[in-house]
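# Breakdown of the fold
One letter stands for each residue in the lines below.
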Amino acid sequence: MKKQTGMRGRARALPGFIHPILPILSILLTWTPPAAAQFGEQVVGVSVGTYAPGAPLPISIEFANLTGIRAVTVAYRLFGQGTYTLREMQIAGNTARYLVPPDELRPAILEYWFRFVRSDAGGDSTYPVPEPETQPLTADLTPVQTDIAGLTILSPEPGEHLNRDELLISFSVDPADTAIDPGRTRVLADGNDLSEKMLITDGLFILRPENAGYTPDGGSHTITVELYDANGDMISRKAWNFFVRGSMESDEALTLRSREWETTGTLRMETRNETVADRVIPYNRATLDAGATNGTFNIDGHLHLTGEEKDTRQPQNRFFIGAESPWVNLGFGDTYPVMPDMIISGKRVRGFTGTVSAGFFGFDLVAGDVTRAVERDSLGTFSRNMLILRPSFKFGNSVWGFTALHSKDDVASIAHGGAPEENLVAATDLTLSFDRKNIELRGQAGVSLYNSNIRGGNITDARIDSIFSDSTYESFSADDLRTARDILSRFITVNENLVPLGVKDFPTLSYEGTLAVNYAPNNFSFSYMRHGASYESFGQPFFRKDIRGFSMNDRLLLAQNRLLLSGGFERLQDNTAGNRAAVTTYTTLSGGVTYLSRNDVPNITLGLSSLGTLNPLDPDSVNGIDDNTLRFMLQLSRQVDLGARHFASLTMSTSGRDDRTWRQLDSRNTSVSLNVVTAYSIPLRTTVSAMFFSTKIDAAGSPSTELNYSILAFAAQYRLAEDRLVLNSTVSPALGDIRRTFVNGGARYYFMNNLSLEGLMNLYVNRGAGTDVIWSFILRADV
Amino acid sequence: MKKNDSGKTPAGAVTLLAVLAIVSAVAAGFRAPEISLGLISRVVRDVSMRSDTTADWNRAERGNPLRSGDRVKTGQQSLAVLKFRDASFVRVGEKSEIVMSAVGGAGPLVKTIETTGPGGSFGFDIKKQTDAKFQFTSPTSVASIRGTSGKWTAGSDANDTLWLGSGLVSLLNKISKIGILIRGGFIAFSNADGTITFRAMTPEELAEAKLAADGGTERQLDLRFRNERGEEKDLKIKYKH
């Protein structure tokens, strides 16, 4: 079982050897321009992590406050896919976070938006606000070129253990690769630039560390190689670790040290005050992360306490303590289990978790509560428990698992509630990998039972007799139902509210499978899915139901992985149970080109997609559907060295929907954004961005609705006093149909390397609605 | 260029220059390419080297680049590890002498390691060659390597032995022109009388081939000593086997 780590990530210092361009790239990739953060319902900022193949991608959204928001979901899809995947995000403090699983990520662009489930009188809302499905936010999934094609490490080998006097740094590149300027190559050992002492001969690089004054101590060390072209632009970078044995004494000490427990800890305390619409809300929060490891066993703990914890709402405090060994993991507290996503994916469960890994056999257990009982004057919320069992069998890279989920509301947990529910799901999943995972077959299938009201308990014999007295049910008899009740009631409450009550069209059966074939330069996948109309898993409330069909896509990596061509086709249909007026077909056709430049030409991504929705009914009838959305996107990015190092990106996106039914719900969306991040030779970093949005929506018999606005943003960060003090500020006015100015100022002072105090103030100057003020102080200590 | 009195270049000289130019060009096409083949990555005890343009042997040091024509010689209980550009490596055992060469041209680059002294051996781990060929030669045999590891021994009696831990090798006896294909787990004998024989390796031979190729698995011996005062001291000995 994988688990989402929630907010428990620990702070890590940036390695000293990172080249200046990497933080810039990192900023661009991980930090949404302030302009995007300026406007949005309670939204302060959105961030997406740096994409790395094989690693999950964190997406987070920060709110000024969560007043009225009960849950936050993120919808995401790869550019060219027609269907968004919806997932519930984990909320901690004012931030919601989700980790997109690595097997759902591929270059070059991820589209995403957010939905806020409101607990107040308002309906659900989204970010971005207008037309999020056709004008979503985008994240660059182009991997940073951390691997160097044609570079061969000769010495030391990655992970090699050697004596200090044996250390020799050597690697080779293809001498025919004229894009590389060997003289500009940089070699860094633990951040120390040793390039000057390097011997270069015909693409062979040799360095004796002692000639450069580099004498590493016993322990782990890092070599970093950066290759540049003739213009001085870094082409790529590769880093690897090796281990130096010390003397016998120090070696022994290392061995002893590896048996000793090492502890880490981070304490974060925050006091925050929000003045929004003349309402003042103070917050006090404390978060403690602690861990200990001896290399074999790990202990991990997390505690988050907040003044928002109240009996009248779902838990806001979080805690977890867990122990890990090579074969058993045990934990208690708030966890976010990730299993086959037909069952559960990142939903919070408070209780016990355990994992056993014994050779080819594995077993996962989750037992706890997903909601707690909350009494209200009106209808309250039942306490809902959840039990998940998952035995699995692993053969090499192949896994076959079986998962069972049972979840039930505790009827007695509150006095005034609505309909208590119960859910049972059984599923199996299979992953077969061949040829070093170049061929992979993944599939999962599940069937659910869902009872929408268990208050009356199991159906009685008398009730069964009364139902069958009218002879409506011809396909089975009263005795059949009694037999089914007696068997199934051992697992779930059986009454007339149980879904399904029959097996016609298997409404609660869902299955899907994917064949992925990865042989350079092709990366091809074909998927087929069938999701039943009534499939239900309490662990996965955002599972798309009532859909079946296939999708296929192929990516071609050409020109030494610098040219990426992609194309995809998806055809899905609903009405799996045959109870709708007609079958609606969703067809998506897409294509894209990404060029990663090595010269003055910018990196370019071009994308085009067509999404059609059609049913066979008369377009002028009430249920007729016939529309098509065309979308075009262009993204350019380029690093420019002009006085300072600038990284500029320009993104243009336009889409138009043509509704050919009587509704004439045509729309046109255009957005243009320009973002320039600059790193100066002094410790100053600035960002200038401008975004323009235009939306026009038509409707038959109604005047068009238009929304046009622009957002400018100017942000700067400056480090002084030998990096002990970090100042940052942002000014971001919104112009046009939306007028609001966001002003931010903050300072963080490091008393010691591991102790800092941060002060922040955000002002939202709203036209005609006063000014919202948020300030906070955060004390952070790392051990 | 010297001209005759009339200022014209003699036809004979032009012809001679043209011939020289053509010969030079052709020769260049089959000459060892002027690229570094690799480097000496490790030296233990007595290791020396010399290039094909010098007669003197010099002490070899780790980091010395290796070019076509370079020779490497090891003394008693000595070892030299040679790494090539593609991360292939050769571990030259004690009392061995090899010469390496690379010949290019219209075809793929052919890299050759030849045992030149009386006897000698080396372990090897050769990566799969894509645009080049790798071969071991002795006065008796030629082994064409396709990406494999093992041990090559040139006996002082001109009998060669190939210990193949893994992969595939085409072995040719130069005297009889008999060639066989050897796969991993087999040991082959190419003899001065022109015969070639092979059989499956014993576990001990397999371990020896592995030891020669990668230096063996590192193990540690922990010894604890107690002096007269009852004080204990630990001694750790790391070795490869």
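Residues numbered from 1 in each chain as written. Chains lettered and ligands numbered in written order. Predicted model: local features only at pLDDT ≥ 70, side-chain atom pairs only at ≥ 80, totals over all residues.

## Quick look at the overall build of chain A
- Looking only at helices and strands, one finds 5 helices and 47 strands in chain A.
- In chain A, which comprises 783 residues, the share counted as buried stands at 31%.
- Considering only contacts within chain A whose residues lie at least 6 apart along the sequence, 58% involve residues at least 24 apart. (Helix = DSSP H or I, 4+ residues; strand = E, 2+ residues; numbered from the N terminus. Buried ≥ 20, exposed ≤ 12 C-beta atoms within 10 Å, placed from the backbone. Contact = placed C-beta atoms within 7 Å.)

## Some remarks on the sheet that holds strand S2 (residues 43–48) of chain A
Residue and element names in this part refer to chain A.
- With antiparallel pairing, the 4 strands of this open sheet are ordered in space as S2-S3-S7-S6. Since the sheet does not close on itself, it has two edges, and those belong to S2 and strand S6 (90–92), each with one partner. Strand-to-strand twist in this sheet, taken as the mean axis angle between neighbours without regard to direction, amounts to 20°.
- Note: S2 against strand S3 (residues 57–63), 5 bridges, orientation antiparallel. Note on S3: the bridge partner recorded for valine 48 is isoleucine 59. (Pairing = 2+ DSSP bridges. Axes fitted to C-alpha atoms, helices over the stretch in contact; angles between N-to-C directions.)

## Some thoughts on the nonpolar core
- Val72, Ala80, Leu82, Val92 and Leu162 of chain B are the most contacted members of the largest nonpolar core, which totals 68 residues.
- A per-element tally of this core places strand S6 (residues 79–84) of chain B first, with 5 residues.
- If we ignore the near neighbours within four places in the chain, the residues touching valine 72 of chain B are Val47, Met49, Ala60, Ala80, Leu82, Val92 and Ile98 of chain B.
- The next biggest cluster of nonpolar side chains, apart from the first, holds 33 residues, and it includes Ile91, Val100, Ile109 and Ala139 of chain A. (Core = buried A, V, L, I, M, F, W, Y, C linked by C-beta atoms within 7 Å.)

## A word on the pairing of strand S10 (residues 137–140) of chain A
Residues and elements named next belong to chain A.
- Here S10 shows no split at all, with Leu137 and Ala139 on one side and Thr138 and Asp140 on the other all buried.
- The pairing of strand S8 (residues 109–118) with S10 spans 4 bridges and is antiparallel. Each bridged residue has a counterpart across the sheet, and for glutamate 111 the counterpart in S10 is threonine 138.

## Considerations on the sheet that holds strand S17 (residues 204–207) of chain A
All names here are of chain A.
- Sheet architecture is open: 4 strands sit in the order S11-S13-S17-S16, paired in antiparallel fashion. Two strands close off the open sheet at either side, each with one partner strand: strand S11 (152–155) and strand S16 (199–201). Across the sheet, the mean angle separating the axes of adjacent strands is 15° when strand polarity is ignored.

## What about the environment of asparagine 329 of chain A?
Residues and elements named next belong to chain A.
- Relative to the elements of secondary structure, asparagine 329 occurs in strand S24 (residues 328–335).
- Here asparagine 329 falls in the partly exposed class, since 19 other C-beta atoms lie within 10 Å of it.
- Along the sequence, asparagine 329 and valine 356 sit 27 residues apart, while their C-alpha atoms lie 6.5 Å from each other.
- When neighbours within four sequence positions are excluded, asparagine 329 is seen to be in contact with Gly322, Glu324, Gly354 and Thr355.

## Points about the pairing of S17 of chain A
Residue and element names in this part refer to chain A.
- Residues of S17 alternate between two faces, with Leu204 and Ile206 on one and Phe205 and Leu207 on the opposite face, all of them buried.
- Of the strand pairs in this sheet, strand S13 (residues 169–172) and S17 are connected by 4 bridges, and their pairing is antiparallel. Pairing of phenylalanine 171 across the sheet is with phenylalanine 205, part of S17.
- Where S16 and S17 come together, 3 bridges link them in antiparallel fashion. Directly across from threonine 201, in S17, lies its bridge partner leucine 204.
- A loop of 2 residues connects S16 with S17, the two strands running antiparallel in sequence, and aspartate 202 in this loop sits at a positive phi of about 55°.

## Considerations on the packing of helix H4 (residues 461–468) of chain A against helix H5 (residues 478–488) of chain A
All names here are of chain A.
- Between H4 and H5, whose axes approach to 10 Å, the crossing angle comes to 145°. Once H4 is placed against H5, the crossing between them reads as right-handed. The residues of H5 that touch H4, namely those facing Asp461, Ile464, Asp465 and Phe468, are Ala478, Leu481 and Arg482.
- Looking at the contact of H4 with H5, its residues break down into 4 nonpolar, no polar and 3 charged. (Left-handed = near helix turned anticlockwise from the far one by under 90°. Nonpolar A, V, L, I, M, F, W, Y, C, P; charged D, E, K, R; others polar.)

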